[in-house]
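# Geometric and topological summary
If you want the building blocks of each chain, they are given just below.
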Amino acid sequence: MHPRPVTATSRSLILIFLVLVLLAGLPLAVWLDLRNLTERALLRQANDLNSLMTSVRGYYANNVVGRVLASPGSTQVVHNYETIPGAIPIPATLSLELGRTISEQQQNIAYRFVSDFPFQNRAPHVLDDFETSALAALRDRSDQKLTNVSWSILSDRVRLVAPVLMGAACVACHNSHPESPKRDWKIGDVRGIQEITISQAFATNIFSFKYLLAYFVFMAATGFTFITVQRRQAATIRSINGELETANEFLASLSIKISRYLSPQIYKSIFSGQKDVTIHTERKKLTIFFSDIKDFTATTERLQPEQITRLLNEYFTEMSNIALKHGGTIDKFVGDAMLIFFGDPESKGEAEDAKACMRMAAEMQHRVAELNAKWRNEGVEHPFRVRMGINTGFCNVGNFGSADRMDYTIIGAEANLAARLQSVAEAGHIVVSYETYALVRDIVVAHALPPITMKGISREVIPYSVEGMLDTAGQKIKIFSEHLTGLDFYLDPSMIHAGSAGRIRALLQDAIAALESPRPDKPITQPR
């Protein structure tokens, strides 16, 4: 009869011992959480303050100092501006004074703006081991930020070091200043470091865990309540996870829908953070492609709206796939026309961008011929005949519009020239400007057309009609393309498999024989 009470007592003692061990481990767990929470908060504050200081200094250097230096006058930009009437501080002095002000108002924040190349009339900066090694690492690779975390039992300290890069105004000043110890600075060089040091006691965040502490004490006293709350928490977590999964699915679906309205390159650059959705443009040298369906209005009159919609959507889908395959940025669809450009937001260089555009246009013409054959078999008598124009030149590219509605596009006379070149091309052919021809002449065969003039472009433009592409051996790939009533002919010998050559040859001979046989005369009709 005695073993049972002894066994029960032993189990109770073991349970009490486990509870005491868990309670003893509670302060350690809370301390580790406080340390982790404090460290993350300090890192976030240091990053935010570093970004703020860098942004302010950059804005000041470009929009204040840069403008003053660009228009010399009575205003001087010097480090000892307080002793000179009307003078303003250099960006470095501004950063030091802002850092000093922040440090005075926030006792736990320290700011340093130091360099191992101080001007001769200034005391040298003393760098510790972390700052010295950080400066060397940043000069080796400037696209990084370095951190150092140290802690004691009751406090935590974070040091964040970011590079101070030389801008155009800084390079001009330092390379010409008589007191500068270094005269060969270049734009982008790491002049020194900007260091943010933030320290904070763990006790600051202790009240963030007051409910957690009370919760654990209460759970240790009442095991049944602990189990009940555990189950409730598990149910709550499952509910939250379900809501998160639903929200993630919705966001993924919404992201996919949004991507349909943007070129993949633009979509990628926006959602990866490479580009901000703000009104901003750049002037870049681009290769612009413009295509248009000849006599599209007449074609729409012969077809039903549903049929022309289907054909046009299929045409745009095929052309878009080819454009994306070659790396083109699809700007817009204007009726039956397409505007595509190469060189932004990604570029492989002017020549490679132009060649990629040229290969894209050749593949598009080949695919249009295949679609025409397919559509004729479906009963479409007059399929699409596409003209294409390509030009290379400088355009403004970026976000145009308002703060509420903007469009990523290009603007400039060179873009209009691509449309004009398209208009002088024959159906099924490609016309390029001399600027483009000079970049792609090693992969195409083309002949010059009569010069044209265009409003907005002072020079006389010489179009070049592309006759065909060159293979890797430099031999011309002759492409035959003709569309007449009763004839829809497209032949690219480079695409013909050796096993199919005999069959195609026999088919062409039969076609010639059919043309030479007597047949009743019919009035000549040209496609509209």
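The structure under discussion appears in the preceding block.
Let us look at the structure shown here. (Residues numbered from 1 in each chain as written. Predicted model: local features only at pLDDT ≥ 70, side-chain atom pairs only at ≥ 80, totals over all residues. Heavy atoms only, no water.)

### Regarding the overall build of the protein
Summing up its helical and strand segments, the protein has 13 helices and 19 strands in all. Out of the 528 residues belonging to the protein, those deemed buried represent 35%. Across the protein, every contact between residues at least 6 apart in sequence was considered, and the portion connecting residues at least 24 apart equals 65%. Total accessible area on the protein is roughly 31,500 Å²; 58% of this is exposed by carbon and sulfur atoms. (Helix = DSSP H or I, 4+ residues; strand = E, 2+ residues; numbered from the N terminus. Buried < 20%, exposed > 50% of the residue type's maximum accessible area, 1.4 Å probe, protein only. Contact = heavy atoms within 4.5 Å. Areas by Shrake-Rupley, 256 points an atom, 1.4 Å probe, with all protein chains shown as cover.)

### Describing the side chain of Thr-409
As for its position among the elements, Thr-409 is in strand 11 (residues 406-411). Residue Thr-409 is classed as buried on the basis of its relative accessible area of 7%. At a separation of 2.7 Å, a polar atom in the side chain of Thr-409 contacts the side chain of Asp-331. Ignoring anything within four residues of it in the chain, the contact list for Thr-409 reads Asp-331, Lys-332, Asn-396, Val-397, Gly-398 and Phe-400. (Polar contact = N/O pair within 3.5 Å; in protein donor to acceptor, adjacent residues only side chain to side chain.)

### A closer look at the pattern of salt bridges
Throughout the structure, instances matching the rule amount to 23 salt bridges. Measuring nitrogen to oxygen at the nearest pair gives 2.7 Å for the salt bridge that ties Arg-159 to Glu-195. Placement of Arg-159 in strand 5 (residues 155-165) and of Glu-195 in strand 6 (residues 190-201) is noted, with a sequence separation of 36 residues between them. Residue Arg-159 shares its accessibility class with Glu-195, and that shared class is buried. With a closest N to O distance of 2.4 Å, Asp-344 and Lys-284 form a salt bridge. One end of the pair, Asp-344, is in the loop between strand 9 (337-342) and helix 10 (350-377); the other, Lys-284, is in strand 7 (residues 281-293), with 60 residues separating them in the sequence. In this structure Lys-284 comes out as partly exposed when scored by relative accessible area, which is 22%. Shared partners join several salt bridges into a network, and the residues in it are Arg-112, Asp-128, Glu-131, Arg-159 and Glu-195. (Salt bridge = Lys/Arg side-chain N within 4 Å of Asp/Glu carboxyl O.)

### Digging into the pairing of strand 11
Relative to strand 11, strand 10 (residues 386-401) runs antiparallel, the two sharing 6 bridges. Residue pairing in the sheet places Val-397 in a bridge with Ile-410 of strand 11. Connecting strand 10 to the next strand, strand 11, in antiparallel fashion are 4 residues. (Pairing = 2+ DSSP bridges.)

### Re the packing of helix 9 (residues 305-325) against helix 10
At a closest axis distance of 10 Å, the pairing of helix 9 and helix 10 adopts a crossing angle of 150°. Judged by the inter-axis angle, helix 9 sits roughly antiparallel to helix 10. In the crossing of helix 9 with helix 10, the sense of the turn from one axis to the other is right-handed. Across from Leu-311, Glu-314, Tyr-315, Glu-318, Met-319, Ile-322, Ala-323 and Lys-325 in helix 9, the residues of helix 10 making contact are Met-360, Glu-363, Met-364, Arg-367, Val-368, Leu-371, Lys-374 and Trp-375. When grouped by side-chain class, the residues that make up the contact of helix 9 with helix 10 number 10 nonpolar, no polar and 6 charged. (Axes fitted to C-alpha atoms, helices over the stretch in contact; angles between N-to-C directions. Parallel < 35°, antiparallel > 145°, perpendicular 65-115°, else oblique. Left-handed = near helix turned anticlockwise from the far one by under 90°. Nonpolar A, V, L, I, M, F, W, Y, C, P; charged D, E, K, R; others polar.)

### Quick word on the side chain of Thr-197
In this fold, Thr-197 is placed in strand 6. Discounting chain neighbours no more than four positions away, the residues touching Thr-197 are Asn-108, Ile-109, Ala-110, Arg-157, Val-158 and Arg-159.

### Things to note about the environment of Val-149
In this fold, Val-149 is placed in strand 4 (residues 146-151). Relative accessible area serves as the criterion here: at 32%, Val-149 is assigned to the partly exposed category. For the pair formed by Val-149 and Glu-39, sequence separation is 110 residues and the distance between their alpha carbons is 7.7 Å. Discounting residues that sit within four places of it in the chain, Val-149 has contacts with Glu-39, Asp-156, Arg-157 and Val-158.

### Considering the sheet that holds strand 6
Taken together, the 4 strands give an open sheet; going across it, the order is 3-6-5-4, and neighbouring strands pair in antiparallel fashion. Each edge of the open sheet carries a strand with a single partner, namely strand 3 (109-115) and strand 4. Looking at each pair of strands side by side, their axes are set apart by 15° on average, direction ignored. Lying over the sheet, helix 3 (residues 129-140) contacts strand 3, strand 4, strand 5 and strand 6, oriented at roughly 135° with respect to strand 6.

### Some remarks on the nonpolar core
Here is a general trend for soluble globular proteins: nonpolar side chains tend to be buried in one another's company. By size, the foremost hydrophobic cluster in this structure holds 42 residues, and its most contacted members are Phe-289, Tyr-315, Ile-340, Met-358, Met-360, Met-364 and Phe-384. For this core, the element with the most residues is helix 10, which contributes 11 residues. Those residues in contact with Met-360 that sit more than four places away from it in its chain are Phe-289, Ile-322, Ala-323, His-326, Ile-340 and Phe-342. In terms of nonpolar packing, the next biggest core, distinct from the first, is built from 19 residues, Leu-42, Met-53, Val-77 and Ile-196 among them. (Core = buried A, V, L, I, M, F, W, Y, C linked by side-chain atoms within 4.5 Å.)

### Some points on the packing of aromatic side chains
Counted by the stated rule, this structure contains 8 aromatic pairs. Ring centres of Tyr-315 and Phe-316 lie 5.4 Å apart, and the angle between their planes is 45°; on these two criteria the pair is classed as tilted. Relative accessible area serves as the criterion here: at 1%, Tyr-315 is assigned to the buried category. Plain terms: the ring middles of Phe-316 and Phe-333 are 4.5 Å apart, the flat faces sit at 45° to each other, and that makes the pair tilted. Of this pair, Phe-316 sits in helix 9 while Phe-333 sits in strand 8 (residues 329-334), and the two are 17 residues apart along the sequence. These aromatic residues form a ring-pair network of at least three members: Phe-296, Tyr-315, Phe-316, Phe-333, Trp-375 and Phe-384. For Lys-182, the ring lying beneath its charged end belongs to Phe-117, and the centroid distance is 5.7 Å. (Phe/Tyr/Trp six-rings, centres within 6.5 Å; stacked < 30°, edge-to-face > 60°. Lys NZ or Arg CZ within 6 Å of the ring centre and 35° of its normal.)

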